[in-house]
Amino acid sequence: MAKINYITSDNQNHTVEVQSGLTVMEGAVQNDIPGIDADCGGGMACATCHVYVKEDWLNKLPTKEDGEEDMLDMAFEPKKNSRLSCQLIVSDELDGLTVNIPLKQA
Amino acid sequence: MIKTDALIIGAGPTGLFTAHQLKLIGLNCEIVDNLDKIGGQCIELYPDKPIYDIPAIPECTGEELTNNLINQLKPFDIKFHLSERVEEVKKESENWIVKTNNGTTFSTPNVIIAGGVGSFEPRKFPVKECEKFENKSIFYSVKNKKIFEGKTITIFGGGDSALDWAVELSKNSKVNLVHRREDFRGAQATVDKVHELTKEGKIQLFTKYQMTSIKGDAQLESIDIKNDDKEIKNIKTDFILGFFGLIMQLGPIANWGLNIDKKTIEVDTEKFETNQKGIYAVGDICNYPGKLKLILSGFHEGALAARACFKLARPNEKYRFEFTTSSKTIKDRLGVKSD
């Protein structure tokens, strides 16, 4: 279990408890946090669950798999701290993680 | 006007298997898909990725699954309308009149939407001003490469489309290639070729850059690109090509008067019918309590929707449930010998 803080593009904070084992994407979708489309359902096949990870968390997250950076090429306004939230699996270690949701996904 | 018992929108696995079910029970059908090939997401998004949860198939790729489904349809004559998008649906007495963007018109009592997460559209530049130049000097695909001859083209993207066009257009044009990072995901041979052409001065390469603004009134003049260190460069260019892959849009389906929730269509679980009689939704695009976005669920949903189609297509006949193992009628339809 971890508290994940989602900040939507209108600067609203949504802090929710997400069960360990779920992804950061699922945490947003199941709690009706707007701005994460997740069209492909978590298959790393669409880049519509794109988030910006707060800088101080960047190095604490598991590194990207090969396909993730490729998909991020197609995300809306990717930055250095871009991740696909479907690839971030929640564990106790992620307690307090803050992610910003981009203005749009597509 | 094409008359058919059922029109399927979407040639992904669910649409293909639904067609099979319709043909087995003696109905004819045609299939429309916005993509230029059969297979839907399986072919467009993950042709090489293995799938492990198709019943009785321990492992197969998206492409293999598609090919198997196409093979399964071989006994039947099914007309596919590829590279066509369904635009308009309206009711005329008992039938739905469906029109595509190419002007093809269908008349059918049954429309089955097997549209996945909608139709695939090119992903566009985030810079808003790009819209006014779209299809004039900004393109997301190349239809006629002649217009680029002798001009300056700035290509964005790091996949095969971006690289292939950079190589091709550098023969007769001045080419700038801009990508957000140093690694390219295109085929290695093409990546090598791009680096070679860059050394020869035929391609100007800008990595770790993204577009920030666009300049020009009636005519595109130049663009600003910015790198990770916030350094801005201005590039003069006549044309811009963007290759950022595809996104999925619900498209015109959103305006058909169906109950839609978060890009999915609400259906019942008996017929997979929407709030409009004779319009069904199956596969990833449909939504009901407990819905699982699995290919196997799409197969089940298609099988039930097909039975519901029978009632509207053959109002004076009674549908009889039959097994493929024992039914002579079905075996005749499949063109296989009965015992």
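### Digging into the overall build of chain B
Next, step 1: When you go through chain B residue by residue, the secondary structure sums to seven helices and 24 strands.
Next, step 2: Within chain B, buried positions represent 39% of all 339 residues.
Next, step 3: Contacts spanning at least 24 positions in sequence make up 58% of the contacts within chain B whose residues lie at least 6 apart.

### Side note on helix α6 (residues 295-313) of chain B
Next, step 1: Between its first and last C-alpha, α6 of chain B extends 26 Å over 19 residues, near the 27 Å set by a 1.5 Å rise per residue.
Next, step 2: Looking only at α6 of chain B, the buried set comprises I295, G298, F299, E301, G302, L304, A305, A306, A308, C309, F310 and A313 of chain B.

### Describing the packing of helix α1 (residues 13-24) of chain B against helix α3 (residues 62-72) of chain B
Residue and element names in this part refer to chain B.
Next, step 1: For the pair α1 and α3, interaxial distance at closest approach is 9 Å and the crossing angle is 15°. Considered as vectors, α1 and α3 are oriented roughly parallel to each other. Seen from above, α1 lies across α3 with left-handed handedness. From α1, P13, L16, F17 and H20 reach across to α3, where they touch L65, T66, L69, I70 and Q72.
Next, step 2: Residues of the contact of α1 with α3, tallied by class, amount to six nonpolar, three polar and no charged.

### What to know about α3 of chain B
Next, step 1: Buried within α3 of chain B we find G62, L65, T66 and L69 of chain B. Down the axis, α3 of chain B shows its buried residues gathered within 100° of arc, on one side only.

### A look at the sheet that holds strand β12 (residues 138-139) of chain B
Backbone hydrogen bonds are what pair the strands of a sheet, in a parallel or an antiparallel way.
Residue and element names in this part refer to chain B.
Next, step 1: Read across the open sheet, the five strands follow the order β12-β19-β13-β14-β15; overall the sheet is parallel. Lying at the two open borders of the sheet, with one neighbouring strand each, are β12 and β15 (203-207).
Next, step 2: As defined by bridge partners, strand β13 (residues 152-156) adjoins strand β14 (residues 174-179) across five bridges and the pair is classed as parallel. Note on β14: the bridge partner recorded for T152 is K174.

### A short note on the pairing of strand β16 (residues 209-215) of chain B
Next, step 1: With six bridges joining them, β16 of chain B and strand β17 (residues 222-227) of chain B adopt antiparallel strand pairing. What sits directly across from I214 of chain B, in β17 of chain B, is I223 of chain B.

### Some words on the interface of chain B and chain A
Next, step 1: Facing 15 residues of chain B, the contacting portion of chain A comprises 13 residues.
Next, step 2: A breakdown of the residues in the side of chain B that touches chain A according to their chemical character gives seven nonpolar, three polar and five charged.

### What to know about the sheet that holds strand β1 (residues 2-7) of chain A
All names here are of chain A.
Next, step 1: Taken together, the five strands give an open sheet; going across it, the order is β2-β1-β5-β3-β4, and neighbouring strands pair in mixed fashion. In this open sheet, the two edge strands, each paired with only one partner strand, are β2 (13-18) and β4 (82-84). Sheet twist, expressed as the mean angle between neighbouring strand axes with direction ignored, is 35°.
Next, step 2: Bridging between β1 and strand β5 (residues 98-100) involves three bridges; their strand directions are parallel. Across the sheet, the residue bridging to I7 is N100, located in β5.

### Observations regarding the nonpolar core
Most often, soluble globular proteins keep nonpolar side chains buried together rather than apart.
Next, step 1: Core analysis: the biggest nonpolar cluster contains 58 residues, and V24 and M25 of chain A together with I155, A162, A166, L177 and L241 of chain B have the highest contact counts within it.
Next, step 2: The contact partners of I155 of chain B, leaving out residues within four places of it in the chain, are A162, W165, A166, V175, N176, L177 and L241 of chain B.
Next, step 3: Core analysis: the second largest hydrophobic core is formed by 52 residues, V89, I265, I279 and A308 of chain B among them.

### Observations regarding the domain arrangement of chain B
Next, step 1: Partitioning chain B into structural domains gives domain 1 (2-121 + 247-334) and domain 2 (124-244).
Next, step 2: When each unit is reduced to the centre of its C-alpha atoms, the spacing between domain 1 of chain B and domain 2 of chain B is 38 Å.

### With respect to the environment of I31 of chain B
Residues and elements named next belong to chain B.
Next, step 1: Position of I31 relative to the elements: it lies in strand β3 (residues 29-32).
Next, step 2: Judged by the 24 C-beta atoms lying within 10 Å of it, I31 falls in the buried class.
Next, step 3: Put simply, I31 and A114 are 83 residues apart on the chain and 9.8 Å apart in space, counted from C-alpha to C-alpha.
Next, step 4: Beyond its immediate chain neighbours, meaning those up to four positions away, I31 contacts I8, A11, G15, A19, I78, F80 and H81.

Cut-off values and rules
- Residues numbered from 1 in each chain as written.
- Chains lettered and ligands numbered in written order.
- Predicted model: local features only at pLDDT ≥ 70, side-chain atom pairs only at ≥ 80, totals over all residues.
- Helix = DSSP H or I, 4+ residues; strand = E, 2+ residues; numbered from the N terminus.
- Buried ≥ 20, exposed ≤ 12 C-beta atoms within 10 Å, placed from the backbone.
- Contact = placed C-beta atoms within 7 Å.
- Expected span 1.5 Å × (residues − 1).
- Axes fitted to C-alpha atoms, helices over the stretch in contact; angles between N-to-C directions.
- Parallel < 35°, antiparallel > 145°, perpendicular 65-115°, else oblique.
- Left-handed = near helix turned anticlockwise from the far one by under 90°.
- Nonpolar A, V, L, I, M, F, W, Y, C, P; charged D, E, K, R; others polar.
- Arc of directions from axis to C-beta.
- Pairing = 2+ DSSP bridges.
- Core = buried A, V, L, I, M, F, W, Y, C linked by C-beta atoms within 7 Å.
- Domains from an automatic or database assignment.

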